[in-house]
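Take a look at the letters that make up each chain.
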Amino acid sequence: DAKTTQPPSMDCAEGRAANLPCNHSTISGNEYVYWYRQIHSQGPQYIIHGLKNNETNEMASLIITEDRKSSTLILPHATLRDTAVYYCIDTANSGGSNYKLTFGKGTLLTVNP
Amino acid sequence: DTGVSQDPRHKITKRGQNVTFRCDPISEHNRLYWYRQTLGQGPEFLTYFQNEAQLEKSRLLSDRFSAERPKGSFSTLEIQRTEQGDSAMYLCASSRTTGTGNTIYFGEGSWLTVV
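Residues numbered from 1 in each chain as written. Chains lettered and ligands numbered in written order. Predicted model: local features only at pLDDT ≥ 70, side-chain atom pairs only at ≥ 80, totals over all residues. Heavy atoms only, no water.

This part covers the overall build of chain B. When you go through chain B residue by residue, the secondary structure sums to 0 helices and 11 strands. Ordering the α and β elements of chain B from the N terminus gives β-β-β-β-β-β-β-β-β-β-β. Taken along the three principal axes of its C-alpha coordinates, chain B extends 45 × 25 × 25 Å. When the 115 residues of chain B are sorted by exposure, 46% land in the buried category. Within chain B, residue pairs in contact and separated by at least 24 positions form 53% of the contacts whose partners lie at least 6 positions apart. Accessible area of chain B: about 5,900 Å², with a carbon and sulfur share of 43%. (Helix = DSSP H or I, 4+ residues; strand = E, 2+ residues; numbered from the N terminus. Buried < 20%, exposed > 50% of the residue type's maximum accessible area, 1.4 Å probe, protein only. Contact = heavy atoms within 4.5 Å. Areas by Shrake-Rupley, 256 points an atom, 1.4 Å probe, with all protein chains shown as cover.)

Take a look at the structure:
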């Protein structure tokens, strides 16, 4: 099965940038990369998505490599409230569907004081 | 609050009983989704509506599950003859089709415990 690959866990110091990597080697030209996060017992929260260009919003920045096979989510100044499971999703996992998001196990980011 | 709203947030039921969850999507979102999440796993797609039409159902959605979106606004997910394996968080989500991807917004989920 086509899957994104993320490290199972990462640590980050409060106030520092958190850089979360993701490999999506099977992505093709018109398929987006989405990032969500899930804080314990809550619904997933949309963070950002991108196609080819780097993207930035009030929550994070998304850096996509030129070949689009990998991306990095950057939280510029991590806070304790950013501790969560972060999911990288590409629609290649859903046969190109942009509505059937296929979640993996994600990366548990722990922000330490 | 203009997010996706789900009710009830928590439900404990006895095995064999029927339960129904309601979802109110974000206003003007034409797409509505149901996902299920069990402990330690990511959410799994169950079904999808565009307006009132149910366009896809996962094989995870057994015959005991039925979802409706009668007027293209709110949706209900009913589970008949609940089993312990149905214990999970049921997530509703919605989106509006645009030309720049399909951003899906999730609700806070409805936790089901079958005892």
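Core analysis: the largest hydrophobic core is formed by 20 residues, its most contacted members being Trp35, Leu73, Tyr86 and Leu109 of chain A. At the level of elements, β2 (18-23), β3 (33-38), β4 (45-50), β6 (61-64), β7 (70-75), β8 (84-90) and β9 (107-112) of chain A are the ones that each hand at least two residues to this core. Within the second largest apolar cluster, 19 residues are counted, among which are Leu77, Ala88, Cys92 and Leu112 of chain B. (Core = buried A, V, L, I, M, F, W, Y, C linked by side-chain atoms within 4.5 Å.)

Contacts between the two partners involve 25 residues from chain B, matched on the other side by 18 residues from chain A. Taken over both partners, the interface formed by chain B and chain A buries close to 1,700 Å², and the fraction arising from carbon and sulfur atoms is 50%. When the area that chain B buries against chain A is broken down by residue, the three leading residues are Pro43, Glu56 and Phe106 of chain B, summing to 23%. Taken together, chain B and chain A are joined by 0 salt bridges. At the surface where chain B touches chain A, the tally comes to 5 residue pairs in polar contact (both at pLDDT 80 or more). Of all the secondary-structure elements, those providing two or more residues to the side of chain B that touches chain A are β4 (31-37), β5 (44-50), β9 (88-95) and β10 (105-106) of chain B. The element that contributes the greatest number of residues to the side of chain B that touches chain A is β4 of chain B, accounting for 4 residues. Broken down by class, the residue content of the side of chain B that touches chain A amounts to 11 nonpolar, 10 polar and 4 charged. (Buried area = accessible area lost by both parts, 1.4 Å probe. Salt bridge = Lys/Arg side-chain N within 4 Å of Asp/Glu carboxyl O. Polar contact = N/O pair within 3.5 Å; in protein donor to acceptor, adjacent residues only side chain to side chain. Nonpolar A, V, L, I, M, F, W, Y, C, P; charged D, E, K, R; others polar.)

This part takes up the packing of aromatic side chains. Using the criterion set out here, one finds 13 aromatic pairs over all chains in the structure. Seen from their ring centres, Tyr87 of chain A and Phe103 of chain A are 5.1 Å apart, and the 85 degrees between their planes marks the pair as edge-to-face. Here the residue Tyr87 of chain A occupies a position in strand β8, and Phe103 of chain A occupies one in the loop between β8 and β9, the gap between them amounting to 16 residues. The class for Tyr87 of chain A is buried, based on a relative accessible area of 4%. Judged by its relative accessible area of 10%, Phe103 of chain A is buried. Between Phe65 of chain B and Tyr90 of chain B the ring centres are 6.4 Å apart and the planes differ by 40 degrees, which places this aromatic pair in the tilted class. (Phe/Tyr/Trp six-rings, centres within 6.5 Å; stacked < 30°, edge-to-face > 60°.)

With that settled, consider unusual backbone geometry. The omega angle of the peptide bond from Asp7 of chain B to Pro8 of chain B is -5 degrees, so this bond is cis rather than trans. For Pro8 of chain B, the position within the fold is in the loop between β1 (5-7) and β2 (10-13). Here Ser41 of chain A, not a glycine, exhibits a phi torsion of approximately 70 degrees, which is positive. Inspection of the secondary structure assignment puts Ser41 of chain A in the loop between β3 and β4. The exposure class of Ser41 of chain A is partly exposed, given its relative accessible area of 33%. With a phi angle near 55 degrees, Asn51 of chain B is a residue other than glycine that sits in the positive phi range. As for its position among the elements, Asn51 of chain B is in the loop between β5 and β6 (53-57). The partly exposed category is assigned to Asn51 of chain B, whose relative accessible area is 35%.

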